[in-house]
Structures are given as structure tokens and as C-alpha cells.
Amino acid sequence: MSGPSLMDSLFQRTLEDLIKGLRQQLIGEQAFISKALEEIRKEIKSTDLSTKSTALLKLSYLSSLHFHDMSFATFHALEVLSSPRFSHKRIAYHAISISFHDSTPVLLLITNHLRKDLSSTNEFEVSLSLQCLSRIANVDLARDLTPEIFTLLSSNKLYVRKKAVAVVLRVFEKYPESVRVCFKRLVENLENSDPQVLSAVVGVFCELASKDPISYLPLAPEFYKILVDSKNNWVLIKVLKIFAKLAPLEPRLAKRVVEPICDHMRRTGAKSLVFECVRTVVTSLIENDSAVRLAVGKVREFLVDEDPNLKYLGLQALSIVAPKHLWAVSENKEFVIKSLSDADPNIKIESLRLVMALVSEHNVAEISRVLVNYALKSDPDFCNEILGSILSTCSRNVYEIIVDFDWYVSLLGEMSRIPHCQKGEEIENQLIDIGMRVKDVRPELVCVSRDLLIDPALLGNSFLHRLLSAAAWVSGEYVEYSRNPLELMEALLQPRTSLLPPSITAIYIQSAFKVLVFCLLTYLMQRGSTASSMFPDNLPSAVSASVSYESFDDLSVENVVDATDTHGPTCTSASITNESIVNLLNLVELALGPLLGSHDVEIQERARNVLGFVDLTKLDLLNSSVQEENDSERKGAEASKTIELMHGAFSKELGPVSSSAQGKICLPDGLMLKENLGDLEMICGDIDQPSSNSFSFGSPYEEKGGVSFSNLQIKENSRQSNESTSLLAEHRKRHGLYYLPSGKSEMISNDYPPANDPMLLGNINDNADDLVKLTEESLTPKRKPNHAKPRPVVVKLDEVDEKPESKEDSLSGAVHDVLFGSEDIVPTSSQSNLSDMPSSKRKGKEKQHTDSHVESKENLVDHGNPSSRRRKHHSHGKERRHRSPRKKNAEERKDNGQKLKEKSSHRHGMHKSGQRAEEPFNFSVQTPVIPDFLL
Amino acid sequence: MIKAVMVMNTQGKPRLAKFYEYLPVEKQQELIRRVFAVLCGRAENVSNFIEAESIFGPDSRLVYKHFATLYFVFVFDSSENELAVLDLIQVFVETLDKCFKNVCELDIVFNYSKIHTILDEIIFGGQVLETSSAEVMKAVEEISKLEAASNAITLIPKSASGWRSR
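To start, this report covers the structure provided alongside it. (Residues numbered from 1 in each chain as written. Chains lettered and ligands numbered in written order. Predicted model: local features only at pLDDT ≥ 70, side-chain atom pairs only at ≥ 80, totals over all residues. Heavy atoms only, no water.)

1. Focus: the overall build of chain A
Assigned secondary structure in chain A consists of 46 helices and zero strands. Residues classed as buried in chain A amount to 53% of the 935 residues present. Put simply, chain A shows about 43,400 Å² of open surface, and 55% of that area lies on carbon and sulfur atoms. (Helix = DSSP H or I, 4+ residues; strand = E, 2+ residues; numbered from the N terminus. Buried < 20%, exposed > 50% of the residue type's maximum accessible area, 1.4 Å probe, protein only. Areas by Shrake-Rupley, 256 points an atom, 1.4 Å probe, with all protein chains shown as cover.)

Dropping the structure here:
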């Protein structure tokens, strides 16, 4: 491509032409832009700086508002930058600041341009380069330009000085060493009388303190003075933000600032300042009751204000107070509940959060009712927001606040009928979870499930499918509590179930199977009992007789008894007749027959199982009904045996499984737990089975010798639990995929489960401990036993957590040094006296310890021991700031030899002075250097 | 820290976009789109806040103001005060109004450079440096003069700038 001719530059489109052309859209926006870009690519190569700069401006425009990449023009931007004209420079700086980043290759070529402009006599040129630097500075730029910025920090042009102050933030962040040079001047500017400069300095300190507050504690007196003296709201807000960070670190400081903050809160008319005061009090001065009362009073004013912004912020402030001072929310309860129907979604969500904070054991029913009513009336998003928060609050800590589970289960049913409900999955989990954990609620649970299953309308809502699968599973698993299993069967096999996804249809079929077995068994027993004697009282004994050899748990048998006894006439036994059994079997065949051809193997297989079972028993059952008694007894025996066998297979109860359960199993020899199972993922990945099925594995086997084995196990566990759980935790971290999803059993958060974890409510008959629990349960019939123990502490791996702070640490270290230098508190002996003062906090003492520890290592580092260097990472990072440059020094000396000698020795010197300054610093942490006149 | 300033019209066309940390253009476009998607669904007379953490990551807040055909959107973190930033939007708009005498969308469309100059005087590298629209106006006028001087067949550029900076 040849360069642009003179004609090109004469008739070049200006930015305005470009915008006009874009607006006319004669050839469509995209076409026009690509044409313009083509022109720009040509023009930007021009040797004429005016042409070039116009092209660059157009390109910046297209990049900024039409999102076209302009990285190809980085070098051209530099060329324009070298123009002596101010207008060109401005265009170039603009282009650079929107397109350069740390990995732009030509970034370092800009250093000299910046240096030149930083020392320009024209304040606007200086301003441009400062502006640019504040956007693009990296380590090298920050290092190389530190001297210029240092000079500008005391510029007598306020316009320049405030910008120099502001740019320091980026420079410190990128190159912490610069703190040594610039910090003192920065602090001096805190006493500047000019409001603009002051605002800039306070802004910088606010940013610095938000990352690492403890380093700036020594400056508290200066900030305090500003807090008391300043009349500028912007400055006051920033100072308040600083104190919000500092006050929690130093109780004496907190006491000291409360008064002026409250003064501001009472006096000022600016809402922004009032709100900042409120926020400071509720976040950092929460212990001071009178201040909190004042703040809550102000919050109330906000709440009743017309302005929705103030309402919103008021609610936010309340939710910050709520954990410590719930009274603040209760006092405004009425308003909070009213806000639930506000037009503004922000306000609604905020007030919902507050309402949930108010929930307790006593009012959960009342509040939930109010909320569900709101949910019915509100828009889909908020409706689900409400449902979600009810679900999560009620299930918190294994249903801690729920006393009446019957009520809660029916609430779940009610919630799932709300038209916008999309929380099927969560409700599914809770239905199954409650079913397994809380035995007493099962009759109600089955009743609720039946209502859900029987409603054909629900099948049409795809969000509820998961929920229906839970209902199906529950009614199959606990069918013995059902009042009318036949009806349940019809519900499970209704034609509209074809709308369900295959995985859920499979659950329906399995549940239908369980119901079928139960019906047949009931029928057989009924017949047996009527045959042997006419008294219904015999029924229980018949049941137990027929099933005893299966070694059922007594519980399930009792359940059958309960069900028959309590429900009387409407109960199963009365309703099943020959005819209904025939109908039932026909229904099953009719409904499942077509599924034999299903494409889904799971469905196909399960349908075949059921039909096979029907085939096996049907003939006998039907014959027996027609033929005479004796014959049927004999023939029916086979069928009934089959049925009982099946019933036995289903009747074993499933309990919630703790995630740590696996840890209690001893490792068999030769089992490789640490092997990489990545390949399995491909195979397992597409099996999308609801995990409710996974509970059915293996339960029939556990029964034998359960007592002795489990006792043994428990003894072992108490010894082993520590090591095995930590092993397990590790394993879990690595192979999370193979663990049960956490939604199933809420207890998993216990990393260290107590040996007698109440998880296995289902297997109560096994353990002696559990008997105790059982009696507890019967004493408080509706309430699942809570954990008697406080929640165990979750151990965190602290090695992992510390890494990402390196930079701040080096920055804070540098700041510490310089602050110490500027405060002139050097003599070590007097300092250590100070540290013995009673006021020095425990925290400080720990620090002292680590510091001396670190210091001793410092010597090692000087001899270049890399391993000790690495270990230091975990201690406090203050020293790190030397380390990197020092390391660099060493390398530079090695690698570059003579060439860099001058520079590195200079830096080395700097480092030494830094180290000297460091010793006093070590003590500065223990006794934050706030002069006594303040405290 | 201010993270970003955006001005867009009620059709979602960006009129000004300024991010104070480098972001690739595609990412900028996506963020603006997502902000607009939330904005256009909001009624009048509701609060001026939007939940921003889902769009801009943790510790971000967003306030906006709706003037005629334009949304003014400021994104910032916890070291700014929400109400103060709302005031700042007011300052910005007032300054534009003074600069263009009854500012309208077209002024912003056609004065790309000037808008940036104004904004740069108010916000510097993410920090709020100037909150008085009079001061901003003063600086912007100086810069315009300087620019005009440097463009007018520069016979005496040096002396002009030298004179100014004294």
C-alpha cells in the first residue's frame, strides 16, 4: 500500500464528517465503518502530523464507541505524541490512554515523552501526561518517572499538584519502592489549605487504607484534624471511609472519633454525609450504643423519605446493623414489610433480606404466610426471590427453626403451586431430605405428595418436574402411610406423565412398582386375615407373621400397623378388593406396555421389571380369586412369596447419609484411592440420575450382624476419625465429582462429625446411642433432635489463603518504613518500652513474635538462601518489598555485570537505608503510633 | 474508585464510554450491553441503583440518572459514597449544560473530544478530583483556547504556551 497522497490529506474526513456519515447511514453502519477504517489505516501512515492525528482521533472514536480494535495504531500514537502541537498531543494521549495496557509492546518507548511533558512549563501538558500515566503506568514507567512526580508533588500550581497527588496512587501500586521517595511529600499535602489538593490527598489515602488499613494508623491524628476541621463534604466522606477502616484496629481511636462523627450526623444537611456517618457507625463503631441509636434514628428518617434512593440505602444500613442489633430492624418492622410491595425491585429485595433476618422459631410460620401471600401477588422474579429465601432460611442448619414439620411440608406443597414457582429443584431436595430425616412427618409428606401428583396441571410446568420426581419418590417410598394407594397408582400412571423427561419418568415407574407391591401385599394379607378369622385385629399379627422371616426392621412393620390403625375405614385394607386389584394390574399393563419400546434404557428396563413382576403374580392372583379357597391358598402362595420378597426389598428404610460417612469405612488393602479417575468422567458424565436412587444401594446387606459391626466401627472411628476425615477432606477436594451432591444431606458441612452423628435416623435400631435419641424424639414428637454439640469449627487450610497479597504487603511495608522515618521515633529501646505498655494488643504481640522471627531470617536472605526466602512468604509480607529489588540486584549483578553496576549499587544503597528504617518499624505495629494527645 | 463512566441513549447506543482499568473492546461492549439490558427494564421514579456485582464483579456499585434521551451511568467500588456519586453525575451534566447551552444528545454525539476533556477534569484515573462545575469550565476553556492556538497555523506556538503557563 502506498502512502497517502497530498490529495488524500487535503480531502481527509474529519471526525465530524465521520460522525455525520455514520448518522446518515447511506450504506449501512458496518459497511461505512469498515470503509472508514480502511481510510484510517492509510491516513495514519501519513508523514503529515495533522493527517495522522486526525486519523488517530477518528480511530479512537471508533474504538471507544463502536468497539473496534485499535491496537495496530499504538506506534502511530507515539509518533503523534512527539508533535510539538498541543492539540496533537491531546489526541495522542487520549488514544494511548484508551488503548495501551501492560503488555503493549511499545509501552516503554513512551517514557521519554512522558518525562518531557511532565517537566513542561505548560500546566495543561503536564496534566495530560499525568492523566495518561494514571491509566497506563506499569512497574517500569512508575520507577523511571518517580523523580518527576516527586517534584510535581510540591508544584506551586494547584492544578498540577492535585493531579500529581492523584497519580501517586497508581505509582505506589505499581512500584512500592517509590513510597520511600514520595510518601513524605504526600503526607505534607494533608495539611494543604487548598480544598482541591486536600480532597485529592484524602482520596488517595482512602484508596490506600482500604487495601491495607493498619499501615496508615499512625496518620490518624492528621485524619482526625481533617474530620474535625473540614467543611467539605467530599473530603469528610473520604475521611469517614478511612476511619471506618482504622477504627476496628484501634479501640481507643474508635472512642475518640465517635463524637465528631455523631456531631456531623446531627449537624449536616447533606444526605450523602449523613449516610456515610451512619454507615461508618454501623460498620465500624457498632459497639457504641448511643452512636448506633443515633444512626438508627437517622436511618428511620431515610426510610420515610420520599426519595427511593434514601429508602434503599436506609434498608441497606439496617441490614448491616441487623446481625448485632436486631432491635433496629424490629423497630422498623412495619415499614420493612410494607416495602415488600414497593415499586422498586431494589427496595423489595433489600426488605426481603431484612424480613428474613427477623425470622425465628416463633414467628417463622407467620412470616412465611405473609411472604407466600406476597409471592402470589408479585412478579415472577421477585416471587422466586421470596420463595428462595424462605427455602434457604427454613432449611438453614438442618431445619433449625422449624418446629412443626407438618406445617412446613404443607407449606412446601403450597409453594410449589404458586404459578411462577421455579424452585422445583430446591423443594425437591427438601422434600426428600425431610422425608428421610423426620420420621413423624411422613404421613403428611405422603399426603402432600399425593396432592401434587394427582394434579395434572402441574405436569405441564417444566420447572416443577424435579419437584414431582420428589413427590413420586416419597409416595413410593412411604406408601404405607398412604390413605389410598390405588389412587396414587392412577396418579403415577396418568397419561400426562408422558410430558416428563425420561429420568423422571423412570422414578415414576419405580414408585409405581413400590406402590403396586404394597397394594398386592395388603390385598394378600387382607385375604389371609379374612380367611383365617374375621377380626381385623388379627391383621397386624398377620403382617408381622408374613414378613418376620425377612428380618424387616420393626419400624416399618409398626408403620403398617399405625397406618391401618389410625386411618380406620378410609385406610388401605378396607378399599382393596378383587376387582380393584384386577383393575390395578390392567392399569399397570396398559400404562407401561408402550414404555417397553422407549428409547431411554432406564425407562425400558424399569417398565420391563414391573411388567415382569405383574406377569409373575397376575395369573396366580386372578385365578385364586375365581377358584375355590383351598386351591387358591396353595397357588397364591407362590405369588405371595414373590410379593413379600419384593416388599422386603423395598421396605428397608433409607437414611440421610453424612458426607463423612465414607470416612468411617476402613480402607481395604489394595484399594487405590488416589488414582486418577478422570476417564470415568466421560462415562459417568451423561448419566443424569436424580441421586435419590443412589440411596437404595446396598441397604439389604447392611442388616446382617449390624449391631456388632457398627459398634466396632464406631469404636474404631472415634480413634481414627481425625486422620481419616482429613484424608477424606483431601480426597473430597480432589474427586468432588464422586461424592453425593451436597443438597441431599445438609449435615455435610461438618468436617469433623461427632462419632455418634445423628445422621442415620433410619437405622435407629442398630445403635444403642440412637435409642437414646429415639426417646428424645418421642418426648418432643414433632421435633427432630438438634445437634447437641455446637457446630464444629471448620478448619481452613491457611497456607492457601495468603498468596494473593504480595503487592499490598510490599506497599504497606514501604509505607511503614517511611511513616516511621517521618515520625522520627527511632530509638529501639524506647520503642520496646512502649510495647510493654498495657495498651498494646495481643495481636501486636503476636506480630512482634513473627517479626523477630522474620528478622532472624532476614540475615539468611542476605546470604542468598532461596528456601528461607520462600518460607518468609507465609510470615508477614512486610519485608518482601526489599526482596524483589534485592533479588533483582543480585541477578543484575550476576547477569549484566559492569553495565548496570552504577544503577544497581545505587539501588542497593537505597535498600540498605530501607533496612535501617525497618527495625523501628517492627515495633511500630505493636503500638500504633498515635500520639497521646489524641488518645 | 470510579471504575467506569458510561453515557448511552434510550436505544442502548453508547455515547460515551470510559473505563478506568484497561478492558478489551469486546468486553467493554458486552458490559455496556448488559447494563443497558437492566436499565431499559426499569420504571421511572424508582431508585437510581442497580445491582452491579453480577456484571462488574465483586465490590462494585452502580448508580445512574436518566435525562431526556440519555442514561448517565457511573460504576464504582466501596470507597465512594453512592449519594455523592449521584451528585457527581449532576455536576457532570450541569457542566455539559453550561458548555453547550442546553445540552442535548446531539451535542454529546458531535463533541467527542470535548466531552472527554470535561470528564477528565472531573475524574482522574478513577479518582474524583473536581466537584465544582465552575472550576471544570475554567480548565476546559483554557484547554480549548490552547488547542485553538496550537492549530492556528502555528507561527508562535512556543510563546503562546509559555505565556499561558506562567
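Having seen the structure, we can now continue with the description.
2. Examining the sheet that holds strand β4 (residues 61–67) of chain B
Residues and elements named next belong to chain B. The antiparallel open sheet is built from five strands, whose spatial order is β2-β1-β5-β4-β3. Two strands bound the open sheet, and with one partner strand each, they are β2 (14–19) and β3 (49–51). Neighbouring strand axes in the sheet, compared pairwise and without regard to direction, differ in orientation by 20° on average. Along the sheet, helix α5 (residues 112–122) contacts β1 (2–9) and β2; its crossing angle with β2, the most-contacted strand, is approximately 40°. (Pairing = 2+ DSSP bridges. Axes fitted to C-alpha atoms, helices over the stretch in contact; angles between N-to-C directions. Contact = heavy atoms within 4.5 Å.)

3. Quick notes on helix α5 (residues 74–81) of chain A
Among the eight residues that make up α5(A), six are buried, leaving the element largely enclosed by the rest of the structure. Burial in α5(A) covers these residues: Thr74(A), His76(A), Ala77(A), Leu78(A), Val80(A) and Leu81(A).

4. Brief notes about the side chain of Asn192(A)
Residues and elements named next belong to chain A. By the element assignment, Asn-192 lies in the loop between α11 (178–188) and α12 (195–211). With a relative accessible area of 15%, Asn-192 lands in the buried category. With residues up to four places along the chain from it excluded, the contact list for Asn-192 reads Arg-161, Val-197 and Leu-198.

5. Brief notes about the interface of chain B and chain A
Quite often, the size of an interface is put as the accessible area lost when its parts meet. Opposite the 64 residues of chain B that make contact, chain A presents 66 residues. Across the chain B/chain A interface, buried area totals approximately 5,500 Å², and carbon plus sulfur atoms make up 56% of it. Taken together, the links from chain B to chain A amount to eight salt bridges. In this structure, Lys162(A) and Glu130(B) form a salt bridge, with 3.0 Å as the shortest nitrogen-oxygen distance. Inspection of the chain B/chain A interface yields 27 residue pairs in polar contact (both at pLDDT 80 or more). No other element matches the eight residues that helix α6 (residues 133–151) of chain B contributes to the side of chain B that touches chain A. The residue inventory of the side of chain B that touches chain A, partitioned by class, reads 27 nonpolar, 19 polar and 18 charged. (Buried area = accessible area lost by both parts, 1.4 Å probe. Salt bridge = Lys/Arg side-chain N within 4 Å of Asp/Glu carboxyl O. Polar contact = N/O pair within 3.5 Å; in protein donor to acceptor, adjacent residues only side chain to side chain. Nonpolar A, V, L, I, M, F, W, Y, C, P; charged D, E, K, R; others polar.)

6. Considerations on the state of the cysteines
Residues and elements named next belong to chain A. Taken as a whole and judged by the stated rule, the model has zero disulfides over all chains. Sulfur of Cys-383: no disulfide; nearest cysteine sulfur belongs to Cys-421 and is 6.9 Å away. Owing to a relative accessible area of 0%, Cys-383 belongs among the buried residues under this scheme. (Disulfide = S-S within 2.5 Å.)

7. Some remarks on the packing of helix α14 (residues 233–246) of chain A against helix α16 (residues 271–284) of chain A
All names here are of chain A. One way to put it is that α14 packs onto α16 with a least axis distance of 10 Å and a crossing angle of 5°. The angle between α14 and α16 falls in the class roughly parallel. Across the interface between the two elements, Asn-233, Leu-236, Ile-237, Leu-240, Lys-241 and Ala-244 of α14 pack against Ser-272, Leu-273, Glu-276, Cys-277, Arg-279, Thr-280, Thr-283 and Ser-284 of α16. A breakdown of the residues in the contact of α14 with α16 according to their chemical character gives six nonpolar, five polar and three charged. (Parallel < 35°, antiparallel > 145°, perpendicular 65-115°, else oblique.)

8. As for the pattern of salt bridges
All told, the structure shown has 40 salt bridges over all chains when counted by the stated rule. Residue Lys58(A) pairs with Glu43(A) through a salt bridge whose shortest N-O separation is 3.1 Å. On the criterion of sequence distance, the pair formed by Lys58(A) in helix α4 (residues 49–66) and Glu43(A) in helix α3 (residues 29–43) is long-range, its members being 15 residues apart. You can call Glu43(A) buried: its relative accessible area is 7%. Salt bridges sharing common partners tie together Lys241(A), Glu276(A), Arg279(A), Arg61(B) and Glu82(B).

9. Focus: the side chain of Thr268(A)
All names here are of chain A. Along the chain, the position of Thr-268 falls in the loop between α15 (251–267) and α16. Looking at Thr-268, the relative accessible area reads 18%, which means it is buried. A polar side-chain atom of Thr-268 sits 3.0 Å from the main-chain amide nitrogen of Ala-270. Beyond its immediate stretch of four places on either side in the chain, Thr-268 contacts Asn-233, Leu-273 and Val-274.

10. As for the packing of helix α9 (residues 139–152) of chain A against helix α10 (residues 158–174) of chain A
For any two helices packed against each other, one specifies the inter-axial angle together with the distance between the axes. All names here are of chain A. At a minimum axis distance of 10 Å, the contact between α9 and α10 shows a crossing angle of 150°. As summarised for this structure, α9 and α10 are arranged roughly antiparallel, according to the angle between their axes. Seen along the crossing, α9 lies across α10 with a hand that is left-handed. Residues Val-139, Ala-142, Thr-146, Ile-149 and Leu-152 of α9 pack against Val-160, Arg-161, Ala-164, Val-167, Val-168, Val-171 and Lys-174 of α10. Taken together, the residues of the contact of α9 with α10 sort by class into nine nonpolar, one polar and two charged. (Left-handed = near helix turned anticlockwise from the far one by under 90°.)

11. Side note on the environment of Ile108(B)
Residue and element names in this part refer to chain B. When you line up the elements, Ile-108 lands in helix α4 (residues 105–110). A sequence separation of 93 residues divides Ile-108 from Arg-15, and the C-alpha atoms of the two residues are 6.8 Å apart. Every residue in contact with Ile-108, bar those within four places of it in the chain, is listed here: Arg-15, Leu-70, Phe-72, Leu-96, Val-103 and Ile-115.

12. Re the pairing of β4(B)
Residues and elements named next belong to chain B. Taken together, the three bridges between β3 and β4 define a ladder with antiparallel strand orientation. Paired with Glu-51 across the two strands is Arg-61, which belongs to β4. Direction of pairing for β4 relative to strand β5 (residues 70–76): antiparallel, over a ladder of seven bridges. Among the inter-strand pairings, Lys-65 is bridged to a residue of β5, identified as Phe-72.

13. Some words on the nonpolar core
The tendency in soluble globular proteins is for nonpolar side chains to be buried side by side. Membership of the largest hydrophobic core comes to 294 residues, with the highest contact counts inside it found for Phe183(A), Phe205(A) and Phe92(B). Tallying contributions element by element places helix α29 (residues 502–532) of chain A first for this core, with 17 residues. In contact with Phe92(B), not counting residues within four places along its chain, are Val7(B), Leu16(B), Phe72(B), Phe74(B), Ile115(B), Ile118(B), Leu119(B) and Ile122(B). (Core = buried A, V, L, I, M, F, W, Y, C linked by side-chain atoms within 4.5 Å.)

14. Concerning a nonpolar patch on the surface
All names here are of chain A. There is a patch of nonpolar side chains on the surface, built from Leu-667, Leu-671 and Leu-673 and spanning about 270 Å² of accessible area. Examined against the element boundaries, Leu-673 turns out to sit in the loop between α35 (629–651) and α36 (678–685). On the accessibility criterion, Leu-673 (36% relative accessible area) is partly exposed. (Patch = residues over 30% accessible without salt bridge, like charges linked within 9 Å, V, L, I, M, F, W, Y side chains within 5 Å.)

15. Section: unusual backbone geometry
Excluding glycine, a negative phi dihedral is what most residues carry, and trans is how most peptide bonds are arranged. Phi is positive for Phe67(A), close to 60°, though the residue is something other than glycine. Relative to the assigned elements, Phe67(A) resides in the loop between α4 and α5. Judged by its relative accessible area of 11%, Phe67(A) is buried. Positive phi values are uncommon outside glycine, yet Asn102(B) reaches one of about 60°.

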